[in-house]
Amino acid sequence: EKGGHDYFMLKEIEEQPAGVADTLIGHFANGRIVLDEQRLHDQELREVDKVFVVACGSSYHAGLLAKYAIEHWTRLPVEVELASEFRYRDPVLDRSTLVVAISQSGETADTLEAVRHAKEQKARVLAICNTNGAQIPREADAVLYTRTGPEIGVASTKAFLAQITANYLVGLALAQARGVKYPDEVAREFAELESMPKLVAQVLESAERVREIAREFAHVPTVLFLGRHVGYPVALEGALKLKELAYMHAEGFAAGELKHGPIALIEDGLPVFVIMPSPKGRAVLHSKLLSNIREIQARGARTIVIAEEGDDTVRPFADYLIEIPSAPTLYQPLLSTVPLQIFAAEVAQARGYDVDKPRNLAKSVTVE
Ligand code: F6R
């Protein structure tokens, strides 16, 4: 049942190409993005003038990525918030607000309460969920299911990649409802998404190299993660995986914040992951990250760089280089997250921990 692995989580990491592919199935027909359950009129989707994304933990990190896609494609303003904070803040909501609630289990109490609060304020709710018939999708006005199958490992892996995929589908659905994207543009983005599973599979082929690196760092006290733009949520997710699985101190930072504080932490031998943007994307993002790596390496950090294959500019600054295939900027997180999951799982195992059942954690958090 664990597919030859010691842990479900390791099997689930390998199931990610299928999880992304399955999440796309049935969500595009006759040239249009299709939701699973839509109890809203198209007109109501068209009238949305603001989007809130609410979620917890890894689902929140996936949600952070929704902002990049939805704002870029639809020009709607998007706010992303931890579900536990959203509700107590008196957010400004009305009937033209769309609240996107992301939850693997569909039972997370904080997210469910955020949904209820949104509905009381007459906002529309769209749920992204991996569990058919769970409470959050039942209370939502529309649902898009991530179809990655049950996730047994407590730490989210395949659900995370499926949630990112689902976010992008929601972004395209909104763009199409608003008429800001031509049908052929939506079709082109969907085709781009369809090409991602095989790239995720390619990343998995370098798993052994990542595990070797992980074993070298298995007993360090702390690891930092730096990313910019869509690499920033990936950095946060990489740090969360390491905390929860390996019980190691880890922090993710927006690379641009380095100079505003975190650079003071850099000392000899400190391992720092850097998620490089694609050199084919915006040149300014890439060059900024390059100078960040240079800065931290000059201060003695051991840099572990995740970069697109063929990006030779990073080589002089990468003590360890993990290459991923080239992908459009928005989709890169589907690739760059995977080595970080493998790294955390391997460090945890090297330390003798059960990666399926990290201490103190539950798969579904049904109390606030
Ligand atoms: C981290 C993890 C948790 C969940 C969070 C939300 O690996 O699994 O942070 O992402 O508890 O759970 P769902 O998505 O079920 O609402």
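A short tour of the structure in this document, coming up. Just so we're clear, the structure is a prediction, and the values are computed from it rather than from any experiment.

Calculation notes
- Residues numbered from 1 in each chain as written.
- Predicted model: local features only at pLDDT ≥ 70, side-chain atom pairs only at ≥ 80, totals over all residues.
- Heavy atoms only, no water.
- Salt bridge = Lys/Arg side-chain N within 4 Å of Asp/Glu carboxyl O.
- Helix = DSSP H or I, 4+ residues; strand = E, 2+ residues; numbered from the N terminus.
- Buried < 20%, exposed > 50% of the residue type's maximum accessible area, 1.4 Å probe, protein only.
- Pairing = 2+ DSSP bridges.
- Axes fitted to C-alpha atoms, helices over the stretch in contact; angles between N-to-C directions.
- Contact = heavy atoms within 4.5 Å.
- Near = heavy atom within 4 Å.
- Polar contact = N/O pair within 3.5 Å; in protein donor to acceptor, adjacent residues only side chain to side chain.
- Areas by Shrake-Rupley, 256 points an atom, 1.4 Å probe, with all protein chains shown as cover.
- 1 Å grid on protein atoms, 1.4 Å probe; cavity = no way out; pocket = protein on both sides within 12 Å on 5 of 7 lines; lining within 4 Å.
- Sits in = over half its atoms within 2 Å of the grid points.
- Nonpolar A, V, L, I, M, F, W, Y, C, P; charged D, E, K, R; others polar.
- Points joined across faces, edges and corners; volume = space filled by probe spheres on them.
- Arc of directions from axis to C-beta.
- Expected span 1.5 Å × (residues − 1).

1. Focus on the pattern of salt bridges
In this structure the tally under the stated criterion is 24 salt bridges. Across the salt bridge formed by Glu71 and Lys67, the nearest N and O atoms sit 3.2 Å from each other. Separated by 4 residues within a single helix, Glu71 and Lys67 lie in helix 4 (residues 57-74), roughly one turn from each other. Under the relative-accessibility criterion, Lys67 is labelled partly exposed at 31%. As a salt-bridge pair, Arg116 and Glu113 come within 3.2 Å of each other at their nearest N and O atoms. Placement of both Arg116 and Glu113 in helix 6 (residues 109-120) is noted, with a separation of 3 residues, approximately one turn of the helix. A residue is classified by how much of its surface remains accessible, and Glu113, at 22% relative accessible area, is partly exposed.

2. Points about the sheet that holds strand 9 (residues 222-227)
Read across the open sheet, the 5 strands follow the order 10-9-11-12-13; overall the sheet is parallel. Lying at the two open borders of the sheet, with one neighbouring strand each, are strand 10 (249-254) and strand 13 (320-324). Geometrically, the sheet is characterised by an average inter-axis angle of 20° between neighbouring strands, direction not taken into account. Looking at chain direction, strand 9 and strand 10 are connected through 6 bridges and run parallel. Each bridged residue has a counterpart across the sheet, and for Leu226 the counterpart in strand 10 is Phe253. The sheet strands contacting helix 12 (residues 231-246) are strand 9, strand 10 and strand 11 (271-275), and the helix crosses strand 10 at an angle near 175°. Contacting strand 9, strand 11 and strand 12 (302-308), helix 13 (residues 283-298) runs over the sheet at an angle of about 175° to strand 11.

3. Some thoughts on the site of the ligand
Taken together, 13 residues are adjacent to the ligand, and Ser59, Ser103, Gln104, Thr108 and Glu244 come closest. With respect to the ligand, the side chain of Ser105 contributes an N or O atom lying 2.7 Å from an oxygen atom. Expressed as a share of its isolated accessible area of 400 Å², the protein-covered part of the ligand is 89%. Applying the majority rule of atoms within 2 Å of the grid points places the ligand in the largest pocket. At the level of secondary structure, the elements contributing two or more residues to the shell around the ligand comprise helix 4 and helix 12. With 3 residues, the single largest contributor to the shell around the ligand is helix 4. Among the residues forming the shell around the ligand, the class breakdown is 3 nonpolar, 8 polar and 2 charged.

4. Topic: empty space enclosed by the protein
Taken as a whole and judged by the stated rule, the model has 1 cavity of 30 Å³ or more. Taken as a whole, the largest cavity holds about 50 Å³ of empty space. Every residue lining the largest cavity is listed: Arg228, His229, Val230, Gly231, Ile275, Met276, Pro277, Ser278, Leu285, Thr329 and Gln332.

5. Some details on the side chain of Ser105
Here Ser105 is to be found in the loop between strand 6 (97-103) and helix 6. Exposure remark for Ser105: the relative accessible area of 11% places this residue in the buried category. From its side chain, Ser105 meets the backbone nitrogen of Glu107 in a polar contact 3.2 Å long. A distance of 3.4 Å separates a polar atom in the side chain of Ser105 from a polar atom in the side chain of Thr108. Discounting residues that sit within four places of it in the chain, Ser105 has contacts with Cys129, Thr131, Ala134 and Ser364.

6. What to know about helix 2 (residues 16-24)
Along helix 2, the positions that sit buried rather than exposed are Gln16, Pro17, Gly19, Val20, Thr23 and Leu24. All buried residues of helix 2 project into a common sector of 165° when viewed along the axis, lining one side. Where helix 2 ends, the next residue or the one after it, Gly26, has phi of about 80°, a positive value.

7. Notes on the sheet that holds strand 6
Backbone-to-backbone hydrogen bonds join strands into a sheet, with any given pair of strands oriented parallel or antiparallel. Overall, mixed pairing links the 6 strands, which are arranged 3-8-7-6-4-5 in an open sheet. Looking at the sheet topology across the chains shown, the edges are occupied by strand 3 (37-38) and strand 5 (78-82). Here 6 bridges tie strand 6 to strand 7 (residues 124-129), and the two strands are oriented parallel to one another. Opposite Leu98, over in strand 7, you have Arg124 as the bridge partner.

8. Some thoughts on helix 4
Compared with the 26 Å implied by 1.5 Å per residue over 18 residues, the 26 Å span of helix 4 between its first and last C-alpha is a close match. Most of helix 4 is tucked away: 13 of the 18 residues are buried. Backbone geometry just after helix 4 places Arg75 at a positive phi near 65°.

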